[in-house]
Amino acid sequence: MHETTIAGRLLEQVTSICAANSLDGAVIIHLEVGVMSGVESRLLEIAFERLVSDTNLSGSGLAITKVPLTGACDHCDTTVEIRDFNFRCPHCREPLRVRTGEELRLVSITTTEGITP
Ligand SMILES: [Zn+2]
């Protein structure tokens, strides 16, 4: 499963960041996931929660922000949201360059201290 591999890599990254900052216990990991990243957010959450439960960061979870697919036109210098896989500029019909929507980015890590469920 694709998402398990990504979750494993993410956990390694988060573990080293937490170790470097003396963070222990449950944290919230904020991610930006592009709609075209090929990652299914729900599957990534499930995979991550399963992997993290065996570590000292047990109980940690993901907070995923979905990033829309947008493209930039170099010809008329506009940025538009790409809909229905139409990768042409709506103004001048030139091909768009993808700007966002393909990323999987670790934005920040916050501790759950002080947050009551
Ligand atoms: Zn254009």
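Attention in this report is confined to the structure presented alongside it. All figures in this text were calculated on a predicted structure; none of them were measured in a lab.

## Some thoughts on the pairing of strand β1 (residues 27-34)
No. 1: Taking every second residue as pointing to the same face, the buried face of β1 carries V27, I29, L31 and V33, while none of I28, H30, E32 and G34 on the other face is buried.
No. 2: With seven bridges connecting them, β1 and strand β6 (residues 104-111) associate as antiparallel partners. Residue pairing for β6: L31 is matched across the bridge by L106.
No. 3: In this structure, β1 lies alongside strand β2 (residues 61-67), joined through seven bridges in parallel fashion. From the neighbouring strand, V33 faces β2, where its bridge partner is K66.
No. 4: You can see the chain leave β1, run along helix α2 (residues 41-52) and come back into β2, and the turn it takes is right-handed.

## Looking at the sheet that holds β2
No. 1: What the three strands build is an open sheet, ordered β2-β1-β6; its pairing is mixed. Edge positions in the open sheet fall to β2 and β6, since each of these has one partner strand only. Averaged over neighbouring strand pairs, the angle between their axes works out to 20° when direction is ignored.
No. 2: Most of the contacts of helix α1 (residues 2-20) go to β6, to which it runs at about 45°, and overall it touches β1 and β6.
No. 3: Contacting β1 and β2, α2 crosses the sheet at an angle of about 160° to β2.

## Concerning the sheet that holds strand β3 (residues 70-73)
No. 1: On the basis of which strands lie adjacent, the open sheet formed by three strands has the order β4-β3-β5 and antiparallel pairing. Edge positions in the open sheet fall to β4 (78-81) and β5 (97-100), since each of these has one partner strand only. Geometrically, the sheet is characterised by an average inter-axis angle of 35° between neighbouring strands, direction not taken into account.
No. 2: Sheet topology places β3 next to β5; three bridges connect them, and they run antiparallel.

Cut-off values and rules
- Within each chain, residues carry numbers counting from 1 in the order of the written sequence.
- Residue-level local features of this predicted model are given only where pLDDT is at least 70; pairs of side-chain atoms are given and counted only at 80 or more, and the full residue set underlies all totals for whole chains, interfaces and linings.
- To sort residues by exposure, count the other C-beta atoms lying within 10 Å of each residue's C-beta; 20 or more gives buried, 12 or fewer gives exposed, and values between give partly exposed, all with C-beta atoms placed from the backbone.
- Helix and strand labels come from DSSP, where a helix needs a run of H or I of at least four residues and a strand needs a run of E of at least two; each type is numbered from the N terminus.
- For two strands to count as paired, DSSP must find a minimum of two bridges between them.
- Crossover handedness is defined by viewing with both strands directed away from the observer: a clockwise path from the first strand over the helix to the second marks the crossover as right-handed.
- Axis definition: a line fit to C-alpha positions, over the contact stretch in the case of helices; interaxial angles, taken between N-to-C directions, run 0 to 180 degrees.
- Throughout, a residue-residue contact means that the two C-beta atoms, derived from backbone geometry, are no farther apart than 7 Å.

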